[in-house]
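# Working through the structure, step by step
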Amino acid sequence: MRGPVPSSDVDFGAVRTEFELTEEFPADALAEARAAVDRCAEGREDRRDIEFVTIDPPGSKDLDQAVHIAADGDGYLVHYAIADVGALVPPGGALEAETRLRGQTLYLPDGSVPLHPRPLSEGLGSLLPEQDRAAALWEIRLDAAGEVTAATVRRAVVRSRAQLDYAGVQADFDAGRVHPSIALLPEVGELRARWGREHGAIDLRLPAQEAVQGPDGWTVRIEPRTDFDAHNAQISLLTGVCAAAIMLEAGVGLLRTLPTAPDDAVDELRRTAASLGQSWPDGIPVGEFLAGLDVATPAGLAVMSDAARLLRGSGYASFGTAAAPEPPADRGHAGVGAPYAHVTAPLRRLADRYATEVCLAACAGDPIPEWAGGALDDAADTMRRTNTLANKVDRACIDLTEAVILADRVGEDFAAVTMRADQVLLDEPAVIAPCTGGPPEGRRVTVRLDTADVPSRKVSFAYAKTLA
């Protein structure tokens, strides 16, 4: 078994062609983006005194979110500034129409296909450092246990002080020199993660593949994640929970939904855990059990992989509209442990623009603008459609990369972990693929590459033997 052999000839243009992806915007939509102005500038609160920072992957330019966390008595005060896209995109114009077709930014290994033209998403709308920017400013107060005691959002002008990335923030924290604006982020992140588990949230910690280009070409690896990735995600989830509560109280909005895990699926997971020697005491909720799994072990990874069946049927649900006057009966999100809404990434996701506008109006006691309320049903449909597209594009890119880098290695043996009885994860490269022959679940195995076909993007293995 030799090491990975990256290849430089992965052509993602074929994926763009297959799914009809193009960055090019209609001329009138691009003109609106270039001429964008803040339609709500006159009424904004000046909060440039808050020392916000952004945390994003290295090289990001479409910065939706900036954060600042402070102590508030024995609790916490979270300020979360979100790019105010609703104030920059003219209602009823060509740009709004184009974004309602696109739905969201699509990410490919060699670049993105943006929701908005880059002059807006990477320019005027982006919360770039040392720039005055229009924002929807969330102010969320938490008690010592991380429970929300108050939440509101209003329009403000903000100024980020620094653009940080996850690895750098983690390194700073480990060295004891974390930026003061986020010094409390680990504390709040842990409290909110615990709050989620106490409310039944199920967090799947599965390996996420990514195709990356190095000096020798493309390969596939497991996406590196730091503790700060998880902590920062909790602030976004917190904001989404607050937004959902505001919209439900107002009787109109757009939720991100995920049904509660069925009892029979939980029972089946218990049987899987027992068969793989993973202790799950009676009375421990499934979310708590999964949070304690060591996914660095083959058995823990196999159980976590099996748990994916618990979280199925995600969607978007508008309500308070002519088509959907009432919220859905199952209005919660099983991954969060509460009703939840997308409001923190409007530069990259259509739903956030309209949901944010509903929250701004509700908190101000103003009528919800017709341009926002009237778009909720269509936004829900668009998000459902484009989420499916995004998943297909992501899978196609990974499958293509896997096929290319393994194309000349058919017949070779690889060390792997069995995630399911029909699926393995290779040690190197980090390929996840079907495997025949019934490899024992949750064990280290050797598998033989049977197929690596580039035109069909198909890779498959056959079980050879179990490793000690």
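All residue numbers refer to position in the chain's written sequence, counted from 1. Only residues with pLDDT of at least 70 get local features here, since the model is predicted, and only at 80 or more are side-chain atom pairs given and counted; chain-wide, interface and lining totals rely on the full set of residues. Note: side-chain values were computed over all heavy atoms of the structure, leaving out hydrogens and water.

Bringing the UniProt feature "domain: RNB" (unreviewed entry) in the protein into the picture now. Under the UniProt annotation, the feature "domain: RNB" (unreviewed entry) is placed at residues 44-365. Working definition: helices are DSSP H or I runs of at least four residues, strands are E runs of at least two. Numbering for both runs from the N terminus. Taken end to end, residues 44-365 is 33% helix and 25% strand, and its two terminal C-alpha atoms sit 16 Å from one another. UniProt positions are given in the numbering used here, feature names are shortened, and annotations may be inferred rather than shown by experiment.

Two numbers describe a pair of aromatic rings. These are the distance of the centres and the angle of the planes. Only Phe, Tyr and Trp rings are paired, with Trp represented by its six-membered ring, and only when their centres lie within 6.5 Å; those with planes under 30 degrees apart are stacked, over 60 edge-to-face, the remainder tilted. In this structure the tally under the stated criterion is five aromatic pairs. When the centroid spacing of 5.3 Å and the interplanar angle of 70° are considered together, the rings of F173 and F228 count as edge-to-face. Of this pair, F173 sits in helix α5 (residues 166-174) while F228 is found in helix α7 (residues 227-250), placing the two residues 55 residues apart along the sequence. Counting as a charge over the ring demands two things of the Lys NZ or Arg CZ atom: a distance within 6 Å of the ring centre and an angle within 35 degrees of the ring normal. Sitting above the plane of the W195 ring, R192 keeps its charged end 4.2 Å from the centroid.

So, on to unusual backbone geometry. The bulk of non-glycine residues show a negative phi, and the bulk of peptide bonds are trans. With an omega dihedral of -15°, the bond running from E428 to P429 counts as a cis peptide bond. One non-glycine residue, E20, adopts positive backbone phi at about 55°. Within the fold, E20 resides in the loop between α1 (13-18) and α2 (27-34). Non-glycine residue E130 carries a positive phi angle of around 60°.

On to the packing of helix α11 (residues 350-364) against helix α13 (residues 376-406). Angles run from 0 to 180 degrees between N-to-C directions of axes, and those axes are lines fitted to C-alpha atoms, restricted for helices to the stretch in contact. Taken N-terminus to C-terminus, the directions of α11 and α13 make an angle of 150°; their axes are 9 Å apart at the nearest point. Between α11 and α13, the crossing angle belongs to the class labelled roughly antiparallel. α11 and α13 meet at a crossing whose hand is left-handed. Between α11, through L350, A351, Y354 and V358, and α13, the contact on the second element is made entirely by L376, A379, T382 and M383. The residue inventory of the contact of α11 with α13, partitioned by class, reads seven nonpolar, one polar and no charged. Between 65 and 115 degrees an angle is taken as roughly perpendicular, under 35 as roughly parallel, over 145 as roughly antiparallel, and anywhere else as oblique. It is the rotation of the near helix from the far one that decides the hand of a crossing: anticlockwise by less than a right angle makes it left-handed, clockwise makes it right-handed. Any two residues having at least one pair of non-hydrogen atoms within 4.5 Å are treated as being in contact. In the scheme used here, Gly and all other residues not listed as nonpolar or charged are polar, with Ala, Val, Leu, Ile, Met, Phe, Trp, Tyr, Cys and Pro taken as nonpolar and Asp, Glu, Lys and Arg as charged.

Once that is clear, we can look at the domain arrangement of the protein. Many structure descriptions define interface size as the accessible area lost when the parts assemble. The assigned domain composition of the protein is domain 1 (12-261 + 311-405) and domain 2 (410-467). The domain boundaries here were taken from an automatic or database domain assignment. Distance between the C-alpha centres of domain 1 and domain 2: 36 Å. Across the contact, 14 residues belong to domain 1 and 11 residues belong to domain 2. Note: buried area is the sum, over both parts, of the accessible area (probe 1.4 Å) each one loses when the two are combined. Taking both sides of the interface into account, the surface hidden between domain 1 and domain 2 amounts to around 1,000 Å²; carbon and sulfur atoms contribute 66%. Salt bridge, as used here, is a side-chain nitrogen of Lys or Arg placed within 4 Å of a carboxyl oxygen of Asp or Glu. There are one salt bridge connecting domain 1 and domain 2. Ionic pairing is found between R457 and E18, a salt bridge with its closest N-O pair at 2.9 Å. Counting residues per element, the ones that place at least two in the side of domain 1 that touches domain 2 are β10 (217-222) and α13. Sorting elements by how many residues they give to the side of domain 1 that touches domain 2 places α13 first, with seven residues. Residues belonging to the side of domain 1 that touches domain 2 are distributed by class as follows: eight nonpolar, two polar and four charged.

Structurally, L347 is set in the loop between β12 (315-319) and α11. Burial classes: relative accessible area under 20% of the type maximum marks a residue as buried, over 50% as exposed, and values in between as partly exposed (1.4 Å probe, protein chains only). Look at L347 and you get buried, because its relative accessible area is 1%. Apart from residues lying up to four places away in sequence, L347 is in contact with D62, L63, D64, A83, V85, T105, L115, H116, L120, S121, G125 and S126.

In what follows, a disulfide is any cysteine sulfur pair within 2.5 Å. Counting across every chain of the model gives zero disulfides. You can see C242 has no disulfide; the closest cysteine sulfur is in C359, sitting 9.4 Å from it. Distance from the sulfur of C359, which forms no disulfide, to the nearest cysteine sulfur (C363) is 6.3 Å. Classification of C359 by relative accessible area gives buried; the value is 0%.

Time to look at the side chain of S126. Within the secondary structure, S126 is located in the loop between α4 (118-124) and β7 (132-142). Judged by relative accessible area, S126 falls into the buried class, the value being 0%. Among the polar contacts listed, one links the side chain of S126 to the backbone oxygen of K61, at a separation of 2.5 Å. Here a polar contact is recorded for every N or O atom pair within 3.5 Å, except that within protein the pair must consist of a potential hydrogen donor and a potential acceptor, and residues adjacent in sequence are included only if both atoms are side-chain atoms.

A word on the pattern of salt bridges. What the rule picks out here adds up to 35 salt bridges. The salt bridge partner of R154 is E45, with a shortest N-O separation of 2.5 Å. With a gap of 109 residues between them, R154 in strand β8 (residues 148-164) and E45 in strand β1 (residues 45-46) connect regions that are remote in the sequence. On the basis of relative accessibility, which here comes to 22%, the residue R154 falls in the partly exposed class. Two residues, D381 and R384, come together in a salt bridge whose shortest N-O distance is 2.3 Å. Linking D381 with R384, this pair stays in helix α13, spanning three residues, or about one helical turn.

Strands sit in the order β13-β14-β15-β17-β16 around a closed barrel of five strands; the barrel is mixed. Here the strands of the sheet are splayed against their neighbours by 50° on average, with no regard to which way each runs. For two strands to count as paired, DSSP must find a minimum of two bridges between them. Alignment of strand β13 (residues 413-420) against strand β14 (residues 423-426), held across four bridges, turns out to be antiparallel. Looking at the pairing, R420 lines up with Q423 of β14. Where helix α10 (residues 298-306) meets the sheet, it contacts β13, β14 and β16 (444-453), and its direction lies at approximately 50° from that of β13.

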